[in-house]
Amino acid sequence: NSGDVSMIQPLAGNAGSGANEVIESVDYNGSKALKVTFKSSERNSVVDQTISMKNGTVEMDVTPLTTGSRFGVTLRGNDMNNRIFIGTFDSANGWGWEYFGGSNLWSNTFQGPGLYVGVTTHIKVTLADNKISLWVDGVQLMDEEVMAAPPTEAGYVGDDVENILLRLVQAA
C-alpha cells in the first residue's frame, strides 16, 4: 500500500461530478488507508479504475468516520445507474444488496455486526453471476443470495460511501 490514490475516482454519474468528494491517503493504525469524505449526502460512489471484474471476491477493512454512515461495496460499477451495492441500509447493523440497471431492486435486511464510528470492520463479498454472499467480521450474513436480474457486465470495484477510511485487502 503505497498511498497512491490516483486510481480512485468518482463513478460516472456521481453527485457533484467529482467536486463533491475528497479522496486522500492517510496514515491509520500504522499503515496507509484511503479516506473518502463527501460534502453532501447525495448519491456518492468511488471506484478503483484499475480493478474491473464480473465475478469474484472483494475484501476490505472499513472504519466509519461519522455516525450513521451508509456504506456499501460497489461491484460491476459502470455508472451510478449500472452497479450492484452491498452494504448497510439505513441502520448500522442492517445489511442488504441493491442493484441499479434497467430496474432498481433490493433485498430484505439481514441483521449482523454493525458499522460504528472509529471501529474497523472486515467485510468480504463474493459475487458469482446473480448470487451474492456477504461476511462481516467473519459472520456470514448472506449465502449465495439470489438477485433476480442484476447488471451482468464486468465493472469497477469500489465503495458507495459516506465519510470512511478503508483498506482494500483483496479483489480477485
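Residues numbered from 1 in each chain as written. Predicted model: local features only at pLDDT ≥ 70, side-chain atom pairs only at ≥ 80, totals over all residues. Heavy atoms only, no water.

*Asks:* What is the right way to read the nonpolar core from this model?
*Replies:* The nonpolar side chains of a soluble globular protein tend to be buried, and buried together. Among the nonpolar cores identified, the biggest contains 33 residues, and Phe71, Val73, Leu75, Ile132 and Leu134 are the most heavily contacted of them. Once you skip the residues sitting within four places of it in the chain, Leu75 turns out to touch Met53, Val58, Arg83, Ile84, Val125, Leu127, Ile132, Tyr156 and Val157. (Core = buried A, V, L, I, M, F, W, Y, C linked by side-chain atoms within 4.5 Å. Buried < 20%, exposed > 50% of the residue type's maximum accessible area, 1.4 Å probe, protein only. Contact = heavy atoms within 4.5 Å.)

*Asks:* I'm lost on the packing of aromatic side chains in this one. Help?
*Replies:* Note on aromatic pairs: each is described by the distance of the centres and the angle between the planes. Under the counting rule described, the total for this entry stands at two aromatic pairs. For the ring pair Phe85 and Phe89, a centre distance of 6.4 Å and an interplane angle of 15 degrees mean the geometry is stacked. Classification of Phe89 as buried rests on a relative accessible area of 13%. When the centroid spacing of 5.6 Å and the interplanar angle of 5 degrees are considered together, the rings of Trp97 and Tyr99 count as stacked. The exposure class assigned to Trp97 is buried, which follows from its relative accessible area of 6%. For Tyr99, a relative accessible area of 0% corresponds to the buried category. Here the basic side chain of Arg83 rests over the ring of Phe100, its NZ or CZ set 4.1 Å away from the ring centre. Looking at Lys124, its charged tip hangs above the ring of Trp135, at a distance of 4.7 Å from the centre. (Phe/Tyr/Trp six-rings, centres within 6.5 Å; stacked < 30°, edge-to-face > 60°. Lys NZ or Arg CZ within 6 Å of the ring centre and 35° of its normal.)

*Asks:* Looking at this model, I keep getting lost on the environment of His122. Mind explaining?
*Replies:* Within the secondary structure, His122 sits in strand β11 (residues 121-128). Separated by 16 residues in the primary sequence, His122 and Gly138 place their C-alpha atoms 7.6 Å from one another. Contacts of His122, omitting those with residues within four sequence positions, involve Glu59, Met60, Asp61, Trp135, Val136, Asp137 and Val169. Among the polar contacts made by the side chain of His122, one reaches the side chain of Glu59 at a distance of 2.7 Å. (Helix = DSSP H or I, 4+ residues; strand = E, 2+ residues; numbered from the N terminus. Polar contact = N/O pair within 3.5 Å; in protein donor to acceptor, adjacent residues only side chain to side chain.)

*Asks:* Teacher, can you tell me more about the pattern of salt bridges here?
*Replies:* Two side chains with opposite charge may pair up if their charged atoms get near one another. Within the structure shown, the criterion is met by two salt bridges. Of the charged contacts, one joins Lys32 and Asp27 as a salt bridge, the two residues approaching to 3.2 Å between their closest N and O atoms. In this structure Lys32 comes out as partly exposed when scored by relative accessible area, which is 27%. Given the relative accessible area of 61%, Asp27 is considered exposed. For the salt bridge of Arg83 with Asp160, the shortest nitrogen-to-oxygen distance reads 2.7 Å. With Arg83 in strand β7 (residues 82-88) and Asp160 in strand β14 (residues 155-160), this pair connects stretches of sequence that are 77 residues apart. On the basis of relative accessible area, Asp160 is assigned to the buried category, the value being 12%. (Salt bridge = Lys/Arg side-chain N within 4 Å of Asp/Glu carboxyl O.)

*Asks:* For this particular structure, what's the right way to read the environment of Asp129?
*Replies:* As for its placement among the helices and strands, Asp129 is situated in the loop between β11 and β12 (131-136). For Asp129 and Met147, which are 18 residues apart along the polypeptide, the C-alpha to C-alpha distance reads 9.1 Å. Those residues within four positions of Asp129 in sequence are excluded, and the remaining contacts are Lys54, Asn55, Arg76 and Pro150.

*Asks:* Mind showing me how you'd approach empty space enclosed by the protein here?
*Replies:* Remark: the empty space left among the atoms is shown by a probe the size of a water molecule rolled over them. Summed over all chains, the structure comprises one cavity of 30 Å³ or more. Quantified by volume, the largest cavity comes out at close to 30 Å³. Forming the walls of the largest cavity are Tyr28, Ala33, Asp61, Val62, Thr63, Thr120, Leu165, Leu166 and Arg167. Residues of the lining of the largest cavity, tallied by class, amount to five nonpolar, two polar and two charged. (1 Å grid on protein atoms, 1.4 Å probe; cavity = no way out; pocket = protein on both sides within 12 Å on 5 of 7 lines; lining within 4 Å. Points joined across faces, edges and corners; volume = space filled by probe spheres on them. Nonpolar A, V, L, I, M, F, W, Y, C, P; charged D, E, K, R; others polar.)

*Asks:* Mind showing me how you'd approach the pairing of β11 here?
*Replies:* Moving residue by residue along a regular strand, the side chains alternate between the two faces of the sheet. Burial along β11 is one-sided: the residues Thr121, Ile123, Val125 and Leu127 are buried and none of His122, Lys124, Thr126 and Ala128 is. Bridge analysis of strand β5 (residues 56-64) against β11 gives seven bridges, and the strand direction is antiparallel. Paired with Met60 across the strands is Ile123, a residue of β11. Pairing of β11 with β12, which is carried by six bridges, proceeds in the antiparallel orientation. By the bridge assignment for β12, Leu127 is matched with Ile132. Adjacent in sequence and paired antiparallel, β11 and β12 are bridged by two residues, among which Asp129 carries a positive phi angle near 55 degrees. (Pairing = 2+ DSSP bridges.)

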